[in-house]
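Residues per chain, in single letters:
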Amino acid sequence: MADKYKNTIKSYKKLGETYVESIKDLTPSQFEIFVKKVSPKGKVLDVGCAGGRDAKKLVKKGFEVVGIDLVDEFLKIAKTDVPKAKFLKMDLLKLKFPNDYFDGIWASAVLLHVNKKDISNVFKNFNKVLKLGGKFFVGVKLGEGTTYATDKLSRQKRLMVLFTEKQIKSFIEKAGFKIIYSKIVPDDAGRKNINWIRIIAEKN
């Protein structure tokens, strides 16, 4: 992924702390639903953790948290701001964890940067590292096609892969998960014409 998505990674490197600051209050409201469904004090993987915004909240909920990202600037901020979590530079297409290791996976606004031909592998990897009965959260933008554009949060061009509700659910179910929560919601940052599909699924 690091090679294929180097332009998007480069954009986030440029943004650094500015981006982390711009998203600090944008944790999805489904966070509270997710944490209640994960085993108490379990291990949770924060995929695309950025500066550790959600990792910090997971730690406060009593979870053992590992955050991964490919942007060095983000990881540096996260390690400083959330010392009780572990942060690693790792590709979500090449997860290097034991099988059946995590009780939960949190993947908020990260799969919108992954081409659809790689999405099946993402969910297969999630299945491998999640324990039986483990839960994962995913949030993707609703729509069709792919864009490479700027917006008010980034001001840098980023790859944006959009999904219909049927598409994302199909990817998840084919990877061996049961969907236990699904909702389409407006953008947390108030951006017009942007809606999100928020899903929580369980490993069968």
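Look up a bit, the structure's there.
Source: prediction; values computed, not measured.

A.B. asks: I tried to follow the side chain of Asn125 on my own but got confused; where do I start?
C.D. replies: Tracing the backbone shows Asn125 in helix H6 (residues 116–129). Not counting residues up to four positions away in its chain, the partners in contact with Asn125 are Leu92, Leu93, Lys94 and Leu95.

A.B. asks: Any chance you could explain the packing of H6 against helix H7 (residues 165–174) here in plain terms?
C.D. replies: When two helices pack together, their arrangement is captured by the angle between the axes and the distance separating the axes. Relative orientation of the contacting elements H6 and H7 amounts to 40 degrees, with a least axis distance of 8 Å. In terms of orientation, H6 lies oblique with respect to H7. Taken as a pair, H6 and H7 cross one another with a handedness that is right-handed. Side by side, H6 and H7 meet where Lys116, Ile119, Ser120 and Phe123 of the first sit next to Gln167, Ile168, Phe171 and Ile172 of the second. Broken down by class, the residue content of the contact of H6 with H7 amounts to 5 nonpolar, 2 polar and 1 charged.

A.B. asks: I'm lost on H7 in this one. Help?
C.D. replies: Side chains that are three or four residues apart share a direction in an α-helix, a result of its 3.6 residues per turn. For H7, the set of buried residues is Ile168, Phe171 and Ile172. Take H7 and look down its axis: the buried residues cluster within an arc of 95 degrees, on one side only. Away from its buried face, by an angle of more than 90 degrees, H7 presents the exposed residues Lys166 and Lys174. Looking at the buried side of H7, the elements it contacts are H6, strand S5 (130–141), strand S8 (177–186) and strand S9 (195–203). Looking one or two places after H7, you find Gly176, whose phi comes out positive at around 95 degrees.

A.B. asks: Would you mind going over helix H5 (residues 72–81) with me for this structure?
C.D. replies: Of all the residues in H5, the buried ones are Phe74, Leu75 and Ala78. Around the axis of H5, the buried residues are gathered within 95 degrees of arc, so they sit on the same side. Among the exposed residues of H5, those pointing more than 90 degrees away from its buried face are Lys76 and Thr80.

A.B. asks: Would you mind going over the packing of aromatic side chains with me for this structure?
C.D. replies: Centre-to-centre distance and the angle between the planes together describe a pair of aromatic rings. Evaluation of the coordinates by the stated rule reveals 11 aromatic pairs. The interplanar angle of 55 degrees and the centroid separation of 5.2 Å between the aromatic rings of Phe34 and Trp106 together place this pair among those described as tilted. On the criterion of sequence distance, the pair formed by Phe34 in helix H3 (residues 31–37) and Trp106 in strand S4 (residues 102–108) is long-range, its members being 72 residues apart. Using a relative accessible area of 0% as the deciding quantity, one classes Phe34 as buried.

A.B. asks: Looking at this structure, how should I read the sheet that holds strand S1 (residues 43–47)?
C.D. replies: Strand pairing in a sheet relies on backbone hydrogen bonds. The paired strands run either parallel or antiparallel. Sheet architecture is open: 7 strands sit in the order S3-S2-S1-S4-S5-S9-S8, paired in mixed fashion. Both outer strands of the open sheet, strand S3 (86–89) and S8, are each paired with one neighbouring strand and no more. Looking at each pair of strands side by side, their axes are set apart by 15 degrees on average, direction ignored. Bridge analysis of S8 against S9 gives 9 bridges, and the strand direction is antiparallel. Its bridge partner being in S9, Ser182 is matched across the sheet by Ile199. Along the sheet, H6 makes contact with S1, S4, S5, S8 and S9, crossing S5 at roughly 150 degrees.

A.B. asks: Is there a simple way to think about the nonpolar core in this case?
C.D. replies: Ranked by size, the top nonpolar core spans 35 residues in total, and within it Leu111, Phe123, Phe126 and Phe136 carry the most contacts. Going through the elements one at a time, S1, strand S2 (64–69), S4, H6, S5, strand S7 (158–161), H7 and S9 are the ones with two or more residues in this core. Once you skip the residues sitting within four places of it in the chain, Phe136 turns out to touch Phe34, Ile105, Phe123, Phe126, Leu130, Ile172, Phe177, Ile199, Ile200 and Ala201. In terms of nonpolar packing, the next biggest core, distinct from the first, is built from 20 residues, Phe34, Val44, Val59 and Leu75 among them.

About the criteria used
- Residues numbered from 1 in each chain as written.
- Predicted model: local features only at pLDDT ≥ 70, side-chain atom pairs only at ≥ 80, totals over all residues.
- Heavy atoms only, no water.
- Helix = DSSP H or I, 4+ residues; strand = E, 2+ residues; numbered from the N terminus.
- Contact = heavy atoms within 4.5 Å.
- Axes fitted to C-alpha atoms, helices over the stretch in contact; angles between N-to-C directions.
- Parallel < 35°, antiparallel > 145°, perpendicular 65-115°, else oblique.
- Left-handed = near helix turned anticlockwise from the far one by under 90°.
- Nonpolar A, V, L, I, M, F, W, Y, C, P; charged D, E, K, R; others polar.
- Buried < 20%, exposed > 50% of the residue type's maximum accessible area, 1.4 Å probe, protein only.
- Arc of directions from axis to C-beta.
- Phe/Tyr/Trp six-rings, centres within 6.5 Å; stacked < 30°, edge-to-face > 60°.
- Pairing = 2+ DSSP bridges.
- Core = buried A, V, L, I, M, F, W, Y, C linked by side-chain atoms within 4.5 Å.

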